[in-house]
Amino acid sequence: MQISAFELIFGFSRALDMVKPQLAGHHLGVAWISDELGRALNLPSLTLWQIFVAAMLHDAGAIPLRVSTDDLLFERKTWLHSRAGWALLSRCSFLKPMAELVLFHHTPWSRLRNKAATLFPANIIHLADRLELLLRADNGPVSLSELKHRLPDLNTQFRPELVEALYQFSHRHADFFPRPSREDMERDLRSRYAHIILDPDHLISFCFLFSLITDFRSPFTATHTAGVAHTACILHRRHMLRTEGKVDREQNRKVFVAGLLHDIGKLGIPGAILEKEGPLDHDEFNQMKRHAELSLSLLDGIPGFEDIRIWGALHHERLNGKGYPLGLTADQIPLPSRIMAVADIFTALLEDRPYRTGMPLAHALDILQTMEHNGHLDSEVLLTLRSNAEHINKVRAAAQLHARKRLDSLYRICAAPPEADISHTISG
């Protein structure tokens, strides 16, 4: 798999936008402004790339993070999202160089100047963030005099060279700071960064990050994606060995990535629905069902992601045509999607949740058997699962235990006081 880093980052940035629709396009705007300022400062190409990535993901930590169903950390401590973003990005090998920029993207220059060389880019993102919100409020270009008036702390919050670059950029646009269309900003950034390709290991690491962001929205499903991805991967491997006598390594890796992203559309579902303990009513269920359609949409248009998109997003399709989002029938549902459907239900039945413990393996297998008889699930895939149930369940449990430790580590970071040294607290 060779995937454009830009296309993946852009797609995932749109997923972050769904959590706060009122700020849709904010990450793109901050990235474009940061890039323009960085180029005005003649920064090296590697630095510009790191600024672009950090800007596109700078609010990843603003996903509501709950310690319990009635405790929203970010409502108690509004400074947390920079720290949480750093903690999340630090877990991704591809994004580690950008994590520190996210950590300090709201920190004034007076506190950064001792690390000028490494943290100047964070100050650029800070200014771009302020500018984007100001331009958004005015819904158009803003004059330089108005910028100075509405950002009275320019000379204390930002490095002098950066402020001068802002002035010079505005002078080149008739003393206005422009607000291009979303399409123009995307075109500019794509022309500069679309050539950068992720290798398979970095791709998996990056997709794993977004599985964490998806799961961290609610303690009800905080380790679900890890369980589904690992279950689908081992189930696919065992099934291909049983039926074909061989495993396509590339396909198996795609199945794992599809498992990591199968629920990414839940970022667009209201938290109250995701966390409701009782049954969903008709309207709530229809809203919940949209997550599969949103997953299809979010991953659309990413070259090389065609299989991953379909295999993950169709995990609620059923062989009898009564599933969603497309209502496909047996011959229309690819085998990896059938495997994903089994992995999703298997994990959901066996995993612990805050309001209940996971059920015994034998009981879960009985439920899956009933679903097969009702025309929901693939009988051959279930035969593979039953033949390997003990081993697959151990893989699932180990993956979810590891995910729980990562989650607990993030909670510890966010619970620490603002002045705490968190530089050595990342684990897992």
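> I tried to follow the overall build of the protein on my own but got confused; where do I start?
For the protein, the count of helices and strands is 21 helices and 6 strands. Its C-alpha atoms give the protein a radius of gyration of 23 Å, within 12% of the compact-globule value 22 Å for 428 residues. If one aligns the C-alpha atoms of the protein with their principal axes, the spans along those axes are about 70 × 40 × 40 Å. Per-residue burial for the protein yields a buried fraction of 56% across its 428 residues. Considering only residue pairs separated by 6 or more positions, the protein has 70% of its internal contacts joining residues 24 or more positions apart. For the protein, the accessible area works out to roughly 17,900 Å², and carbon and sulfur atoms hold 51% of it.

> I tried to follow the environment of Ser 181 on my own but got confused; where do I start?
Note on placement: Ser 181 falls in the loop between strand E5 (176–177) and helix H11 (182–193). Under the relative-accessibility criterion, Ser 181 is labelled partly exposed at 31%. For the pair formed by Ser 181 and Phe 305, sequence separation is 124 residues and the distance between their alpha carbons is 27 Å.

> What am I meant to see in helix H5 (residues 80–90) here?
Owing to its 3.6 residues per turn, the α-helix aligns residues three or four sequence positions apart on the same side. Of all 11 residues that make up H5, 11 are buried, and the element is covered over most of its length. Residues Leu 80, His 81, Ser 82, Arg 83, Ala 84, Gly 85, Trp 86, Ala 87, Leu 88, Leu 89 and Ser 90 constitute the buried set of H5.

> What is the right way to read the pattern of salt bridges from this model?
Opposite charge on two side chains makes pairing possible when the charged atoms of those side chains draw close. Under the counting rule described, the total for this entry stands at 21 salt bridges. Arg 192 serves as the salt-bridge partner of Asp 35, at 2.3 Å between the closest nitrogen and oxygen. Of the two residues, Asp 35 sits in helix H2 (residues 26–40) while Arg 192 sits in helix H11, which places them 157 residues apart along the sequence. For Asp 35, a relative accessible area of 1% translates into the label buried. Its relative accessible area of 23% is what places Arg 192 among the partly exposed residues. One salt-bridge network, in which partners are shared between bridges, spans Asp 35, Glu 36, Arg 39 and Arg 192.

> Please explain helix H13 (residues 224–243) as it appears in this structure.
Its 20 residues give H13 an end-to-end C-alpha distance of 28 Å, which sits within 8% of 28 Å, the value for a rise of 1.5 Å per residue. Taken from the residues just after H13, Gly 245 is the one with a positive phi, measuring 80°.

> Can you walk me through the side chain of His 224 in this structure?
By secondary structure assignment, the location of His 224 is in helix H13. A relative accessible area of 3% places His 224 in the buried class. With residues near it in sequence (within four places) discarded, His 224 still touches Asp 215, His 262, Asp 263, Asp 344, Thr 347, Ala 348, Glu 351, Arg 353 and Gln 400.

> Quick question: what am I supposed to make of the nonpolar core here?
Side chains that are nonpolar tend, in soluble globular proteins, to be buried together. Counting residues in each nonpolar core, the largest one holds 125 residues, and the members touching the most others are Leu 8, Phe 206, Phe 210, Leu 261 and Phe 305. Broken down by element, the residue count for this core peaks at 10 residues, all from helix H7 (residues 116–138). Leaving out residues up to four positions away in the same chain, Phe 206 has contacts with Leu 8, Ile 9, Phe 12, Leu 57, Cys 92, Phe 94, Leu 95 and Leu 198.

> Sorry if this is basic, but what is going on with the packing of aromatic side chains here?
Remark: the centre distance and the inter-plane angle together describe each pair of aromatic rings, the angle taken between the planes. The final tally for this structure, using the stated rule, is 14 aromatic pairs. Consider the rings of Phe 12 and Phe 206, whose centres lie 5.3 Å apart with planes at 50°: the pair is tilted. One end of the pair, Phe 12, is in helix H1 (residues 5–19); the other, Phe 206, is in helix H12 (residues 200–215), with 194 residues separating them in the sequence. You'll find Phe 12 and Phe 206 in the same group, each marked buried. On the basis of an interplanar angle of 35° and a centroid distance of 5.7 Å, the ring pair of Trp 49 and Phe 52 is categorised as tilted. You can see Trp 49 and its partner Phe 52 sitting in helix H3 (residues 45–56), 3 residues apart, about one turn around the helix. Here Trp 49 matches Phe 52 in class, with each residue buried. Within the aromatic cluster, the residues linked to one another by ring pairs are Phe 6, Phe 10, Phe 12, Trp 49, Phe 52, Phe 94, Tyr 193, Phe 206 and Phe 210. Stacked on the ring of Tyr 167, the Lys or Arg Lys 148 has its end atom at 4.6 Å from the ring centre.

> I would appreciate a short explanation of the confidence of the model for the protein in the present structure.
Low pLDDT means the predicted coordinates in that region are not meant to be read closely. Taken over all residues, the pLDDT of the protein has a mean of 88, while the share at 70 or more is 93%. In the model of the protein, strand E3 (residues 71–72) stands out as the element of lowest mean pLDDT, 40, in contrast to helix H20 (residues 379–387), which has the highest, 98. This stretch, residues 67–76, has a pLDDT under 50; its non-local contacts, to residues over four places away or in other chains, come to 24 contacts.

Rules used throughout
Residue numbers restart at each chain and count upward from 1, following the sequence in its written direction. A pLDDT threshold of at least 70 governs which residues receive local features in this predicted model, and a stricter bar of 80 or more applies before side-chain atom pairs are shown or counted, although totals over entire chains, interfaces and linings include all residues. Computation of side-chain values: all heavy atoms of the structure, hydrogens and water removed. Only DSSP runs of H or I reaching four residues or more are called helices, and only runs of E reaching two or more are called strands; each is numbered from the N terminus. Values of the radius of gyration come from C-alpha atoms, whereas the globule rule sets the reference at 2.2 Å times the count of residues to the power 0.38. Throughout this description, buried means an accessible area under 20% of the type-specific maximum (1.4 Å probe, protein chains only), exposed means over 50%, and partly exposed covers the range between. Two residues qualify as a contact provided that any one of their heavy atoms is within 4.5 Å of a heavy atom in the partner residue. Here the accessible surface of atoms and residues is derived via Shrake-Rupley with a 1.4 Å probe, and residues count as covered only by protein chains that are part of the display. Take a side-chain nitrogen of Lys or Arg and a carboxyl oxygen of Asp or Glu: if they are within 4 Å of each other, that pair is a salt bridge. Expected span of a helix: the number of residues minus one, times 1.5 Å. The criterion is simple. A nonpolar core is a set of buried Ala, Val, Leu, Ile, Met, Phe, Trp, Tyr and Cys residues joined through side-chain atoms within 4.5 Å. Aromatic rings from Phe, Tyr and Trp, with only the six-membered ring used for Trp, were paired whenever their centres fell within 6.5 Å, and each pair was classed as stacked if the ring planes differed by under 30 degrees, edge-to-face if by over 60, and tilted otherwise. Put simply, a charge is over a ring when the Lys NZ or the Arg CZ is close to the ring centre, within 6 Å, and near the line of the ring normal, within 35 degrees. Confidence scores per residue from the predictor, reported as pLDDT, run from 0 to 100.

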